[in-house]
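Coordinates in review
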Amino acid sequence: MKYFCNTTDFHCDGPTAVTLGKFDGLHRGHQKLIEEILKLGSDDIQTAVFALASDERPYLLSPEEKKERLEKYNIDYLIRCPFIPEILGMEPEAFVKDVLKERLHAKYVVVGTDFHFGHNRKGDASFLKTLEAVYDMNVIVVEKECYNGREVSSTYVKEALARGNMELVNELLGYEYPVSGIVQHGKKLGRRLGMPTVNLIPEPGKLLPPCGVYYSDVFSGGNQYRGVTNIGYKPTVDGSFLGVETYLYDFHQDVYGKEATVCLRHYERPEQKFDSLESLKQQMQKDIRLGKEYFRK
């Protein structure tokens, strides 16, 4: 996959099937668009995702998390185009001519029913359809994906995440919600309590569910582990910063300084402050025991 990041100096080498949008979260609605360009791709038609990058925070997926997920689709191009006046201020037809045709060589353009672009968002799917013959392109408008009678959207995902409803979040995304980072050295309190943990500090702007205890899958170094994750400020210890701390089952390796991704599956309980480290240890032992029961089910 060729990746253009935060630049307007992008281009594709030949005819493409391209889909456009913000793609925050890469939820199941976004996946419908990507699956459509993959159907259109061939030896003669390359596939491209044009993601308007507003750097809007907070976000569901960091730029790197989004890139990693899109790499799994084996698309040919990912263009992360900055939200700047040069792009936002273009008249809709100028955008079609200069961006879609001259830079991306779009033969097929795949968008959702609510797609808007150009100056004052004047361009939409219907406008694109009127230009098919003018610019020798085929515009395919994909209906919204729905779940439980509601359109799947980034807003829907964020609402579920804010409630800690990880089952719904993961259903809307089509994958488990990730929190990625480099494993940091902590205070080694878990090790002293006989329950060593790995610590991540999430990227600034990364949306997290409510502070509390979650059951999770953890990926590092090509391996997968089950875990019990605490998201929060460690109020029993010092409460100094928001972190993601995970106890891993059957894990005895040194992963400090390595990349890891914690994928949240289930919210178990809110974060608590305990009167003593002994009380904290007893609760952690209970969380670990309940986690084993959860994973057995």
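Right above here is the structure, for reference.
Residues numbered from 1 in each chain as written. Predicted model: local features only at pLDDT ≥ 70, side-chain atom pairs only at ≥ 80, totals over all residues. Heavy atoms only, no water.

On to the overall build of the protein chain. Looking only at helices and strands, the protein chain features nine helices and 16 strands. Across its three principal directions, the C-alpha atoms of the protein chain cover 75 × 40 × 35 Å. Expressed as a percentage of its 297 residues, the buried residues of the protein chain come to 49%. At a minimum sequence separation of 6, the contacts of the protein chain that also span at least 24 residues come to 74%. Element-wise, carbon and sulfur atoms account for 47% of the exposed surface of the protein chain, whose accessible area totals about 14,500 Å². In the protein chain, which carries 39 positive and 43 negative side-chain charges, the distance between the mean positions of the two groups comes to 6 Å. (Helix = DSSP H or I, 4+ residues; strand = E, 2+ residues; numbered from the N terminus. Buried < 20%, exposed > 50% of the residue type's maximum accessible area, 1.4 Å probe, protein only. Contact = heavy atoms within 4.5 Å. Areas by Shrake-Rupley, 256 points an atom, 1.4 Å probe, with all protein chains shown as cover. Lys, Arg positive; Asp, Glu negative; His and termini not counted. Charge placed at Lys NZ, Arg CZ, Asp CG, Glu CD.)

With that settled, the discussion passes to the side chain of Thr 19. Inspection of the secondary structure puts Thr 19 in strand β2 (residues 16-21). Among the polar contacts listed, one links the side chain of Thr 19 to the backbone oxygen of Val 110, at a separation of 2.8 Å. Look past the residues within four positions of Thr 19 in its chain and what remains in contact with it is Leu 33, Ile 37, Ala 48, Val 49, Phe 50 and Val 110. (Polar contact = N/O pair within 3.5 Å; in protein donor to acceptor, adjacent residues only side chain to side chain.)

Another point: helix α7 (residues 166-173). With six of eight residues buried, α7 is to be regarded as a mostly interior element. The complete set of buried residues in α7 reads Met 166, Leu 168, Val 169, Asn 170, Leu 172 and Leu 173. Looking at the buried side of α7, the elements it contacts are α1 (28-40), β9 (146-147), α6 (154-162), β11 (177-184), β13 (212-220) and β16 (259-270). Of the residues one or two after α7, Gly 174 is the one with positive phi, at around 85°.

Here we come to the environment of Leu 20. Within the secondary structure layout, Leu 20 lies in strand β2. For Leu 20, a relative accessible area of 3% corresponds to the buried category. Distance from Leu 20 to Gly 112, taken between C-alpha atoms, is 8.6 Å for residues 92 residues apart in sequence. Residues in contact with Leu 20, not counting those within four places in the same chain, are Phe 50, Phe 95, Leu 100, Val 109, Val 110, Val 111 and Phe 115.

The next subject is the sheet that holds strand β1 (residues 2-5). Read across the sheet, six strands follow the order β1-β4-β3-β2-β5-β8 without closing on themselves; strand pairing throughout is parallel. Both outer strands of the open sheet, β1 and β8 (138-142), are each paired with one neighbouring strand and no more. For this sheet, the mean angle separating the axes of adjacent strands, direction not counted, is 20°. For strand β3 (residues 46-53) and strand β4 (residues 77-82), the ladder comprises six bridges, and the chain directions are parallel. Bridge pairing links Ala 51 to Arg 80 in β4. Here α1 sits on the sheet in contact with β2, β3, β5 (106-112) and β8, set at roughly 160° to β5. (Pairing = 2+ DSSP bridges. Axes fitted to C-alpha atoms, helices over the stretch in contact; angles between N-to-C directions.)

Moving on to the packing of aromatic side chains. The final tally for this structure, using the stated rule, is 12 aromatic pairs. When the centroid spacing of 5.3 Å and the interplanar angle of 45° are considered together, the rings of Phe 95 and Phe 117 count as tilted. Here the residue Phe 95 occupies a position in helix α4 (residues 92-103), and Phe 117 occupies one in strand β6 (residues 116-117), the gap between them amounting to 22 residues. Ring pairing ties together the aromatic residues Phe 10, Phe 50, Phe 95, Phe 115, Phe 117 and Phe 127, which thus form one cluster. Cation over ring: Arg 150 sits above Tyr 156, and NZ or CZ is 4.2 Å from the ring centre. (Phe/Tyr/Trp six-rings, centres within 6.5 Å; stacked < 30°, edge-to-face > 60°. Lys NZ or Arg CZ within 6 Å of the ring centre and 35° of its normal.)

This part takes up the sheet that holds β16. Taken together, the six strands give a closed barrel; going around it, the order is β11-β12-β15-β14-β13-β16, and neighbouring strands pair in antiparallel fashion. In this sheet, neighbouring strand axes are inclined to one another by 45° on average, regardless of whether the strands run parallel or antiparallel. Note that strand β12 (residues 197-200) and strand β15 (residues 243-248) share four bridges and pair antiparallel. Residue Thr 197 lies in a different strand from β15, and its bridge partner there is Tyr 247.

The next point concerns the pairing of β3. In terms of burial, β3 is largely enclosed, as seven of its eight residues are buried. As defined by bridge partners, β2 adjoins β3 across six bridges and the pair is classed as parallel. Counterpart to Leu 20 in the pairing with β3 is Phe 50. In this fold, the crossover linking β2 to β3 by way of α1 has right-handed handedness. (Right-handed = clockwise from strand over helix to strand, strands pointing away.)

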